[in-house]
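# Geometric and topological summary
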2 protein chains.
Amino acid sequence: MFDDLDVVITEVALRDGSHAVSHSFTEEQVRNVVGALDKARVPYIEVSHGDGLGGSTLQYGLSKVDEFKLIQAAVETAEFSKIAVLLLPGIGTVHELRRARELGASLVRVATHVTEADVSAQHIHEARKMGLTTFGFLMMSHMAPIEKLVEQAKLMESYGAEAVYMTDSAGALLPDQVYERITALKEALNVEVGFHAHNNLGLAMGNTLEAIRAGATRIDGSIRSLGAGAGNTQTEVLAAVLEKKGIRTGIDLYNIMDAAEDVVAPLLKSPQEITKDSLTMGYAGVYSSFQLHAKRAGEKYDVDPRDILIELGKQKVVGGQEDMILDVAKRMAE
Amino acid sequence: MFDDLDVVITEVALRDGSHAVSHSFTEEQVRNVVGALDKARVPYIEVSHGDGLGGSTLQYGLSKVDEFKLIQAAVETAEFSKIAVLLLPGIGTVHELRRARELGASLVRVATHVTEADVSAQHIHEARKMGLTTFGFLMMSHMAPIEKLVEQAKLMESYGAEAVYMTDSAGALLPDQVYERITALKEALNVEVGFHAHNNLGLAMGNTLEAIRAGATRIDGSIRSLGAGAGNTQTEVLAAVLEKKGIRTGIDLYNIMDAAEDVVAPLLKSPQEITKDSLTMGYAGVYSSFQLHAKRAGEKYDVDPRDILIELGKQKVVGGQEDMILDVAKRMAE
């Protein structure tokens, strides 16, 4: 599949971009976006709640429309493109994955925190048994030293992942770090290596080029930067840059540009830009969900929330450890 | 001056950003922005019409407020920062430069098309005589082969320029090209080398890091990306990235972030993003002023305006040659 391409792009606007529109995608929107992406011959289109299958909860944000209806709309619309889903073990289940498969999804990316690849074993096994193309997805990858990242990627490969992505969830990595890490993954793995960027430090495109230079062949883009935080690598811009470099993506440049301008731009609540909040996330290297907690803690203890977030980044605090935010703020105030 | 810094940043929002707000800056806006940048200890702040001193004309767009009033407001407001102006020989004159100097401007950048450095000789001489710090600024630098770029930069140095900038006016260069070109300039020149990026291909930050890696020590930024086209390297993001890398800019990170969010963001007519038009400019490597002509020519001859712009880029058509656009379209239709 897509053997004639140098780099295989997965469009994530209908999954990662779900965060940017408060999970409000409708079936009509999905049909329009998928139709336009399909016309531009985008290989894979990911459709799921922003936090993956089963993410529609009070904790992660309720979807306006059941994601299975959106997946079905995407499958029915796409003639060329394949439909992908994201699954975070602990949020989504094998049962939900099977439903997505039955509806016609072809690819699943099983995602874990960069140090927790072991929780993906069962889901990767089951996905392979269902006949899905199955990739691993290591999130917040800047938090682990290279050796740990490589070890965890090898675990995913051993479970049956057919490619492993390094995911820069906070947009915190610099180009030389991306090059070094992707190079290490390429050396250690027998399967393909992928890269998923965020633009919090303005480096989504620069980092993506470094990943490709280091050998990554699976790349994520979000059209018109419709992704969480400051957005991802902008798909239509990536298509243009790679065409300039003679790297084959199979994407029709004019059609993807038109899709961005005419179909996707009108969906954005506001254009994607690097704001104080998204820059702080990238600089500190923490989850965006920490922002509100840090603001509250900062007010309570009269500490700049940015100082709190930077300290949380240094301590490599992860999702689920929000209790630590008040402790950190209190200690800083003392 | 600024000898303790690794990289000296010039903020161009009040000059390059003038394009993005149709040259509508008021004295109050300039005072607010300069005050916030000054508090963040930005070394240089450029204040001029978008096309440099004297640019307020029907051809280039009339300024709402006389640029000398804006320069005066900037000089009166700044306590730490130095005020810079841009001068394009043929648009601005030595007379106007003298007025800016008398008002308190410290730095001038004398700008020419990348192949026309010879027209800067007199203006660089005169600027030096006035006691201005005087830099050369080679625009649309992607249009010249490296040897030509180096030759033209050496001309500017020979006229007395104390630094020469490579300006990627269309945001058309890729990171490896930037590295190669800045390296060649560093090898050939005895004066400092600068870099001015645009974000049309999403590479303003990635290219800027490559320029610094190759030895550039003068870098332009525009706060909140308030610049022409898709904007420039976003100053507050650049400050964060360079702080992460341990490269000293002297800029106070929290203050520049606050300036962007609280003072500059409200001035933007709409947030900066990479649109179909700005992407086309970067991909084709042509002036933004060609866009409207190409659209009209495309309608007349039933050719996609993007094909016309790409052809104009290949032929290295420059400003003032707009007559060629219809010819090119006609030939393509045949």
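Residues numbered from 1 in each chain as written. Chains lettered and ligands numbered in written order. Predicted model: local features only at pLDDT ≥ 70, side-chain atom pairs only at ≥ 80, totals over all residues. Heavy atoms only, no water.

### Let's talk about the overall build of chain A
When you go through chain A residue by residue, the secondary structure sums to 14 helices and 8 strands. At 19 Å, chain A has a C-alpha radius of gyration in line with the 20 Å of a compact globule built from 334 residues. Once the C-alpha set of chain A is aligned to its principal axes, its extents read approximately 60 × 45 × 40 Å. Scored against the burial criterion, the 334 residues of chain A give a buried share of 62%. Residue pairs in contact within chain A that sit at least 24 positions apart in sequence constitute 78% of those at least 6 positions apart. Element-wise, carbon and sulfur atoms account for 46% of the exposed surface of chain A, whose accessible area totals about 12,400 Å². Averaging the positions of the 33 positive and the 47 negative side-chain charges in chain A gives two centres separated by 1 Å. (Helix = DSSP H or I, 4+ residues; strand = E, 2+ residues; numbered from the N terminus. Rg over C-alpha atoms; globule rule 2.2 N^0.38 Å. Buried < 20%, exposed > 50% of the residue type's maximum accessible area, 1.4 Å probe, protein only. Contact = heavy atoms within 4.5 Å. Areas by Shrake-Rupley, 256 points an atom, 1.4 Å probe, with all protein chains shown as cover. Lys, Arg positive; Asp, Glu negative; His and termini not counted. Charge placed at Lys NZ, Arg CZ, Asp CG, Glu CD.)

### A closer look at the pattern of salt bridges
Residue and element names in this part refer to chain A. All chains considered together, the criterion is met by 38 salt bridges over all chains. Close ionic contact of Glu-151 with Lys-148 constitutes a salt bridge, the shortest N to O distance being 3.2 Å. Of the two residues, Glu-151 and Lys-148 both sit in helix α6 (residues 146-159), 3 residues apart, roughly one turn of that helix. On the basis of relative accessibility, which here comes to 40%, the residue Glu-151 falls in the partly exposed class. (Salt bridge = Lys/Arg side-chain N within 4 Å of Asp/Glu carboxyl O.)

### Topic: the side chain of A:Arg306
Looking at where A:Arg306 falls in the secondary structure, it is placed in helix α13 (residues 305-314). Among the polar contacts made by the side chain of A:Arg306, one reaches the side chain of B:Asp258 at a distance of 3.1 Å. Contacts of A:Arg306, omitting those with residues within four sequence positions, involve A:Lys276, A:Thr280, B:Tyr254, B:Met257 and B:Asp258. (Polar contact = N/O pair within 3.5 Å; in protein donor to acceptor, adjacent residues only side chain to side chain.)

### Focus: the sheet that holds strand β8 (residues 218-221) of chain A
All names here are of chain A. Overall, parallel pairing links the 8 strands, which are arranged β1-β2-β3-β4-β5-β6-β7-β8 in a closed barrel. Pairs of neighbouring strands in the sheet enclose a mean axial angle of 25°, with direction left out of account. For strand β7 (residues 192-196) and β8, the ladder comprises 2 bridges, and the chain directions are parallel. Looking at β8, one finds that Gly-194 is bridged to Arg-218. (Pairing = 2+ DSSP bridges. Axes fitted to C-alpha atoms, helices over the stretch in contact; angles between N-to-C directions.)

### So, the UniProt feature "site: Transition state stabilizer" (unreviewed entry) in chain A
All names here are of chain A. Here, the residues flagged by UniProt with the feature "site: Transition state stabilizer" (unreviewed entry) are Arg-15. Along the polypeptide, Arg-15 turns up in the loop between β1 (8-11) and α1 (17-20). With residues up to four places along the chain from it excluded, the contact list for Arg-15 reads Glu-46, Ser-48, His-49, Gly-50, Leu-86, Phe-137 and His-196. (UniProt positions renumbered as here; feature names shortened; annotations may be inferred.)

### Focus: the relation of the copies chain A and chain B
You can overlay chain A on chain B at an RMSD of 0.0 Å; the transform is a turn of 180° with a shift of 0.0 Å along its axis. This pairing of chains is accounted for by a two-fold axis. Taking C-alpha positions as the reference, the residue of chain A nearest the rotation axis is A:Gly206, at 2.2 Å. Mapped onto chain B, 100% of the interface residues of chain A again fall at the interface, so both copies present the same surface. (Least-squares fit on C-alpha atoms with pLDDT ≥ 70 in both.)

### Some thoughts on the nonpolar core
Generally speaking, soluble globular proteins have nonpolar side chains that are buried together. By size, the foremost hydrophobic cluster in this structure holds 114 residues, and its most contacted members are A:Ile308, A:Leu312, B:Leu97, B:Ile182, B:Leu185 and B:Ile256. Sequence-distant contacts of A:Leu312, defined by excluding residues within four places in its chain, comprise A:Val286, A:Phe290, A:Val317, A:Ile325 and A:Val328. Counting residues in hydrophobic clusters, the runner-up holds 113 residues, among them A:Leu70, A:Ala78, A:Leu267 and B:Ile325. (Core = buried A, V, L, I, M, F, W, Y, C linked by side-chain atoms within 4.5 Å.)

### Structural notes on the interface of chain A and chain B
Each partner contributes residues to the interface: chain A has 39 residues there, and chain B has 39 residues. Carbon and sulfur atoms supply 61% of the area buried between chain A and chain B, which totals about 3,500 Å² over both sides. Considering only the surface of chain A that becomes buried against chain B, A:Lys244, A:Tyr254 and A:Tyr283 emerge as the three largest contributors, covering 20% of it. At the junction of chain A and chain B, the tally comes to 8 salt bridges. With its nearest N and O atoms 3.7 Å apart, the salt bridge here joins B:Asp176 to A:Lys245. (Buried area = accessible area lost by both parts, 1.4 Å probe.)

### Considering the sheet that holds strand β2 (residues 44-46) of chain B
Residue and element names in this part refer to chain B. Taken in spatial order, the 8 strands close into a barrel running β1-β2-β3-β4-β5-β6-β7-β8, and their pairing is parallel. Across the sheet, the axes of successive neighbouring strands diverge by a mean angle of 25°, strand direction being ignored. Where strand β4 (residues 107-113) and strand β5 (residues 133-139) come together, 7 bridges link them in parallel fashion. Within β5, the residue paired with Leu-107 across the bridge is Thr-133.

### Describing the packing of helix α2 (residues 27-39) of chain B against helix α3 (residues 67-77) of chain B
All names here are of chain B. Their axes nearest at 9 Å, the elements α2 and α3 cross at an angle of 35°. Crossing geometry of α2 relative to α3 is assigned as right-handed. Of α3, the residues touching α2 (which contributes Glu-27, Val-30, Arg-31, Val-34 and Gly-35) are Lys-69, Leu-70, Ala-73, Ala-74, Glu-76 and Thr-77. (Left-handed = near helix turned anticlockwise from the far one by under 90°.)

### Remarks on the side chain of A:Asn207
All names here are of chain A. Inspection of the secondary structure puts Asn-207 in helix α8 (residues 204-213). Of note is the side chain of Asn-207, whose polar atom sits 2.9 Å from the backbone oxygen of Leu-173. Not counting residues up to four positions away in its chain, the partners in contact with Asn-207 are Asp-168, Leu-173, Leu-174, Pro-175, Val-178 and Phe-195.

### Focus: the packing of helix α12 (residues 290-301) of chain B against helix α14 (residues 323-333) of chain B
All names here are of chain B. α14 packs onto α12 with a crossing angle of 35° between their chain directions and a minimal axis gap of 9 Å. Taken as a pair, α12 and α14 cross one another with a handedness that is right-handed. Between α12 and α14, the residues in contact are Phe-290, His-293, Ala-294, Ala-297, Lys-300 and Tyr-301 and Ile-325, Leu-326, Ala-329, Lys-330 and Ala-333, respectively. In terms of residue class, the contact of α12 with α14 is made up of 8 nonpolar, 1 polar and 2 charged. (Nonpolar A, V, L, I, M, F, W, Y, C, P; charged D, E, K, R; others polar.)

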